[in-house]
Amino acid sequence: MTWVGLIIALAGALGYALGAALQQYEAVAEGASLKLVRRPRWWIGGAIGFTGACLHAVALSFAPLVAVQPISVATLVFAVPLAAFMYGRKPYKAEIFGSIAVAVGLLWLMLLVPPHHVTPRLSDGAALVFLAVIGVIVLITQLFATRVHGPGRALLLSVGAGVVTASVSTFVRVVGGGMEGDWGRLVHWFTLAVPVLLVCAVVLLQRSYAVGYFGIAYAGVQVIDPITSVMAGAILLGEPLPTSPSTAIPALLAGALTIGGTITLGRLAPDHSLPAPVELAPAAPPRPVTASSEAS
């Protein structure tokens, strides 16, 4: 069943990447405001991204967090070229190399996590503490984001979006993976928390996209989301982390590769929609000089 989950996760991740590229283009043009609801392409991107998220949720019902989350990382190498295509240009070499570095580094980190096949269980108290921690992180990132500009702002906003997205994945894993054929387990506040958190994640994502640095914003979410999910799986759900000394050096190398790729993406110029050409009014003809004008 794990392979079924991985295949579904790949399809969902590709859809999420396409939807993100479409929505980022519109967010840059209109800003993260209610004006976006008047943009058909933003809705199309949202529908595609939502379909990808639904497939991701289904995948989490078949496979654990540590197996499903790394799949979404690989789509970074597709999302950045898609965003470049939206602006009618070829991807920069730095975008390609940075995306590959982040994807390979994070995928490497995720592969170091040992497999786990125990039914996820989460108490109400632990869930509330988890949400409180997520809320504090979002508040801090939003506060600091108001004081910086450029890629730093995009990265901070994407961190907030990433931890909220990870909370969605965690609750979906608990609800879907804990059903075991009993649909009655869906009647729980965890199930209601999923759409609320998803809406919050979408709002935070649009804010990070609107800054204009799609590579750094998307990479930030793709890095923070799986790392937070794996940590939540380990701390809250009892999923194992790599503890063997032999994994320490590979983990450091993978982390360095991920950080290097993120820095590379952060140095790129922002994407912006091309402004409409401004038509200059024709210059007024020179006023003829007359005797009366000279006299005045």
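Rules used in this analysis
- Residues numbered from 1 in each chain as written.
- Predicted model: local features only at pLDDT ≥ 70, side-chain atom pairs only at ≥ 80, totals over all residues.
- Heavy atoms only, no water.
- Core = buried A, V, L, I, M, F, W, Y, C linked by side-chain atoms within 4.5 Å.
- Buried < 20%, exposed > 50% of the residue type's maximum accessible area, 1.4 Å probe, protein only.
- Helix = DSSP H or I, 4+ residues; strand = E, 2+ residues; numbered from the N terminus.
- Contact = heavy atoms within 4.5 Å.
- Arc of directions from axis to C-beta.
- Axes fitted to C-alpha atoms, helices over the stretch in contact; angles between N-to-C directions.
- Parallel < 35°, antiparallel > 145°, perpendicular 65-115°, else oblique.
- Nonpolar A, V, L, I, M, F, W, Y, C, P; charged D, E, K, R; others polar.
- Patch = residues over 30% accessible without salt bridge, like charges linked within 9 Å, V, L, I, M, F, W, Y side chains within 5 Å.
- Areas by Shrake-Rupley, 256 points an atom, 1.4 Å probe, with all protein chains shown as cover.
- Salt bridge = Lys/Arg side-chain N within 4 Å of Asp/Glu carboxyl O.

**With respect to the nonpolar core**
Next, step 1: One finds L122, V164, F171, F190, Y209, F214 and Y218 to be the most contacted residues of the largest nonpolar core, which totals 58 residues.
Next, step 2: If you tally residues by element for this core, the top one is helix α7 (residues 151–177), at ten residues.
Next, step 3: Aside from chain neighbours lying at most four places away, what touches F171 is L122, A127, F130, L131, W189, F190, V194 and L197.
Next, step 4: L22, Y25, M86 and Y87 belong to the second largest nonpolar core, which has five residues in total.

**So, helix α4 (residues 76–86)**
Next, step 1: Burial in α4 covers these residues: L76, A79, V80, A83, A84 and M86. The arc enclosing the buried residues of α4, seen along the axis, measures out at 155°, which places them on a common side.
Next, step 2: Looking one or two residues beyond α4, the residue adopting positive phi is G88, at roughly 70°.

**Quick word on the packing of helix α5 (residues 93–111) against helix α9 (residues 214–235)**
Next, step 1: Between α5 and α9, the least distance of the axes is 11 Å, while the angle of their chain directions is 5°. By the angle between their directions, the pair α5 and α9 is classed as roughly parallel. Contacts from V102, L106 and M110 in α5 reach A219, Q222, V223, P226, I227 and V230 in α9.
Next, step 2: By residue class, the composition of the contact of α5 with α9 is eight nonpolar, one polar and no charged.

**So, a nonpolar patch on the surface**
Next, step 1: A cluster of nonpolar side chains, contributed by I96, F97, I100, V104, W108, I249, L253 and L257, occupies part of the molecular surface with about 730 Å² of accessible area.
Next, step 2: Listing elements by their share of the nonpolar patch, those giving two or more residues are α5 and α10 (248–266).
Next, step 3: Element by element, the count of residues in the nonpolar patch is highest for α5, at five residues.
Next, step 4: Inspection of the secondary structure assignment puts L253 in helix α10.

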